[in-house]
Amino acid sequence: MHLIGKKILIGITGSIAAYKIPFLIRLLVKEGAEVKVVMTPSSADFVTPLTISTLTHSPVLTIPFNSADGTWYSHIDWGNWADIYLIAPASANTLAKMANGLTDNLLTAIYLAARCPVFFAPAMDVDMFMHPATQANIARLQSFGNIQIAPQVGELASGLTGAGRLEEPEAMLQALIDYFSQSVTLQGTHVLITAGPTYEAIDPVRYIGNHSSGKMGFALAAEACRRGASVTLVTGPTALVTDHQGIERIDVITAGEMAKACNAHFDKADITIMAAAVADYRPVKSADQKIKKSENVLTIDLEPTIDILKDLGRRKTDQQILAGFALETQNEEQNALEKLGKKNLDLIILNSPTAQGTGFGYDTNKITIFLKTGKKLEFPLKSKQQAASDILDAIFSCVQK
């Protein structure tokens, strides 16, 4: 029984594929999961709340409140209760609502309030599934960190054959089992992660920096925490927040401050991931007062900042894993491989700001991972949360060796 003690919330939408969900519920209960279900009103045309309630041994919710006795069903409480929220089948209509934050029913209200991971399993006719609007909604949901259980190609209710057939209950069950089994892969390890930019002062109001948002580093910290690690996150200036209790956050501004924080925590780190975009140069002198604008050309002398990654590479032991990032605009693979060797890294993650949907500020990323063993792992455009999972999978493979 792989899911003992796990709390699974299922959202059923108005799709004929809803007939598969009672079979999924039985499988989940057999694996030890506690299951609750919320249904859209239209889904009751395909499977009855009585059937679902009988299988889950729990009331099924379809509306936010009971007008007869005034009982209110809190979407906040249901969203906080679950370890996973699985929306299956997810109709095109519901996907559009989720992607755009619409909450005209209890199911989508719970979706917006849920703090747990959200899985969605689309089910619809092939033309609806392949429509650009649906594909854009799916991509947007994935950029939020939601996980798609992709539909299968097969015979559909319309009589057509194509993509859009709801994944089978056994495969959906396995996706959830795999997710939970992954959550303990870093149990007992300490992970040091850097994120965001660094700022180097020109004067009290101006600085040299870059456009890094910190989203990739924060996604890595959240994913490492989910997998059981204790995480130290050293971040440059960013508006992002951390809401995981297992993350110790250290805020810094300059490259020197980031180096000091990393040096203080590196020796106890089993895994270090340097995702920050550290400024390469800083002014030789920073003015004490604001430099007033004039008609004259302003010249600022720059000097290199400390190479944090290189210094940590020198200190790294055989029991530690060190990962770096390479953001390149030309000779990408060659430059990444040179950095991998020169800085004594175990792996390096290459991303390009020129690829569509990648670069500073985006919620998505397209990465290539190079291991020091010579192995190369290429991934399509994904949400940064999913990219973080791919990176930690690669790191875990290094730990296993």
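When you go through the chain residue by residue, the secondary structure sums to 13 helices and 23 strands. If one aligns the C-alpha atoms of the chain with their principal axes, the spans along those axes are about 75 × 55 × 40 Å. Evaluated residue by residue, the chain yields a buried proportion of 48% over its 401 residues. When contacts within the chain are restricted to residue pairs at least 6 apart in sequence, long-range pairs at least 24 apart make up 66% of them. As presented, the chain carries roughly 19,400 Å² of accessible surface, and 52% of it is formed by carbon and sulfur atoms. Between the mean site of the 36 positive side-chain charges and the mean site of the 40 negative ones, the chain shows a separation of 4 Å.

Glancing now at the packing of aromatic side chains. Per the stated rule, a full pass over the model turns up three aromatic pairs. Ring pairing ties together the aromatic residues F119, Y179 and F180, which thus form one cluster. K36 extends its terminal NZ or CZ atom over the ring of W78, reaching a point 5.4 Å from the ring centre. R226 extends its terminal NZ or CZ atom over the ring of Y179, reaching a point 4.0 Å from the ring centre.

This paragraph deals with the pairing of strand 9 (residues 161–165). Here is the key point about a regular strand: its side chains alternate between the two faces of the sheet. Sheet topology places strand 8 (residues 152–155) next to strand 9; four bridges connect them, and they run antiparallel. When the sheet's bridge partners are listed, E155 is paired in strand 9 with T161. Here strand 8 hands over to strand 9 after five residues, with G159 in that stretch at a positive phi of 100°.

Here we come to the confidence of the model for the chain. When pLDDT is averaged along the chain, the result is 91; 97% of the residues meet or exceed 70. Within the chain, strand 15 (residues 271–274) carries the highest mean pLDDT (98), whereas strand 3 (residues 65–66) carries the lowest (61).

Let's shift gears to the sheet that holds strand 15. Whenever strands of a sheet pair, they do so through backbone hydrogen bonds, lying parallel or antiparallel. Taken in spatial order, the eight strands make up an open sheet running 14-13-10-15-18-19-21-22, and their pairing is mixed. The open sheet has two edge strands, strand 14 (247–251) and strand 22 (376–378), and neither has a second partner. In this sheet, adjacent strand axes meet at a mean angle of 15° when their direction is disregarded. With five bridges connecting them, strand 19 (residues 347–351) and strand 21 (residues 367–371) associate as antiparallel partners. Bridge pairing links L347 to L371 in strand 21. Sheet contacts for helix 10 (residues 255–266): strand 10 (190–195), strand 13 (230–235), strand 14, strand 15 and strand 18 (321–327); angle to strand 10, the most-contacted strand, approximately 175°. Docked against the sheet, helix 11 (residues 308–315) engages strand 15 and strand 18, running at close to 155° with respect to strand 18.

Here we have five strands laid out as an open sheet, ordered 2-1-5-6-7, and parallel in their pairing. Whereas interior strands pair on both sides, the edge strands pair on one side only; in this sheet they are strand 2 (34–39) and strand 7 (147–148). Bridging between strand 6 (residues 118–122) and strand 7 involves two bridges; their strand directions are parallel. Bridged to F119 within strand 7 is I147. Taken strand by strand, helix 4 (residues 92–100) contacts strand 5 (84–90) and strand 6, and its axis lies near 140° from that of strand 5. Taken strand by strand, helix 8 (residues 169–182) contacts strand 1 (7–12), strand 5, strand 6 and strand 7, and its axis lies near 160° from that of strand 5.

Within the fold, P22 resides in helix 1 (residues 21–30). In the structure, P22 is positioned 32 residues away from T54 in sequence and 9.7 Å away in space, judged by C-alpha atoms. In this structure P22 touches V47, T51, I52 and L55, once residues within four positions along its chain are discounted.

Tracing the backbone shows E200 in strand 11 (residues 200–201). This buried residue, E200, is left without a salt bridge; R282 holds the nearest opposite charge, at 5.2 Å. Discounting chain neighbours no more than four positions away, the residues touching E200 are R206, Y207, I208, T254, A255, A279, Y281, R282, P283 and T305.

Packing of helix 1 against helix 8 brings their axes to within 9 Å, and their N-to-C directions diverge by 40°. With respect to helix 8, the axis of helix 1 lies oblique. Read as a crossing pair, helix 1 and helix 8 show a hand that is right-handed. The segment helix 1 lies against helix 8, with F23, L24, L27 and L28 engaging P169, E170, M172, L173 and L176.

With that settled, the discussion passes to the pattern of salt bridges. A full pass over the atoms with the stated rule returns 18 salt bridges. In this structure, D267 and R315 form a salt bridge, with 2.8 Å as the shortest nitrogen-oxygen distance. With a gap of 48 residues between them, D267 in the loop between helix 10 and strand 15 and R315 in helix 11 connect regions that are remote in the sequence. We classify R315 as partly exposed; its relative accessible area is 30%.

Turning our attention to the packing of helix 10 against helix 11. Contact geometry of helix 10 with helix 11 gives a least axis separation of 10 Å together with a crossing angle of 20°. When the interaxial angle is binned, helix 10 and helix 11 end up roughly parallel. The crossing of helix 10 and helix 11 is right-handed. Across the interface between the two elements, A255, M258, A259, C262, N263 and F266 of helix 10 pack against I308, L312 and R315 of helix 11. For the contact of helix 10 with helix 11, the class distribution of residues is seven nonpolar, one polar and one charged.

On to the side chain of T272, then. With respect to the helices and strands, the residue T272 is situated in strand 15. Setting aside anything within four residues of it in sequence, one finds T272 in contact with L192, F266, L312, I321, L322 and A323.

The rules behind these values
- Residues numbered from 1 in each chain as written.
- Predicted model: local features only at pLDDT ≥ 70, side-chain atom pairs only at ≥ 80, totals over all residues.
- Heavy atoms only, no water.
- Helix = DSSP H or I, 4+ residues; strand = E, 2+ residues; numbered from the N terminus.
- Buried < 20%, exposed > 50% of the residue type's maximum accessible area, 1.4 Å probe, protein only.
- Contact = heavy atoms within 4.5 Å.
- Areas by Shrake-Rupley, 256 points an atom, 1.4 Å probe, with all protein chains shown as cover.
- Lys, Arg positive; Asp, Glu negative; His and termini not counted.
- Charge placed at Lys NZ, Arg CZ, Asp CG, Glu CD.
- Phe/Tyr/Trp six-rings, centres within 6.5 Å; stacked < 30°, edge-to-face > 60°.
- Lys NZ or Arg CZ within 6 Å of the ring centre and 35° of its normal.
- Pairing = 2+ DSSP bridges.
- pLDDT = per-residue confidence, 0-100.
- Axes fitted to C-alpha atoms, helices over the stretch in contact; angles between N-to-C directions.
- Salt bridge = Lys/Arg side-chain N within 4 Å of Asp/Glu carboxyl O.
- Parallel < 35°, antiparallel > 145°, perpendicular 65-115°, else oblique.
- Left-handed = near helix turned anticlockwise from the far one by under 90°.
- Nonpolar A, V, L, I, M, F, W, Y, C, P; charged D, E, K, R; others polar.

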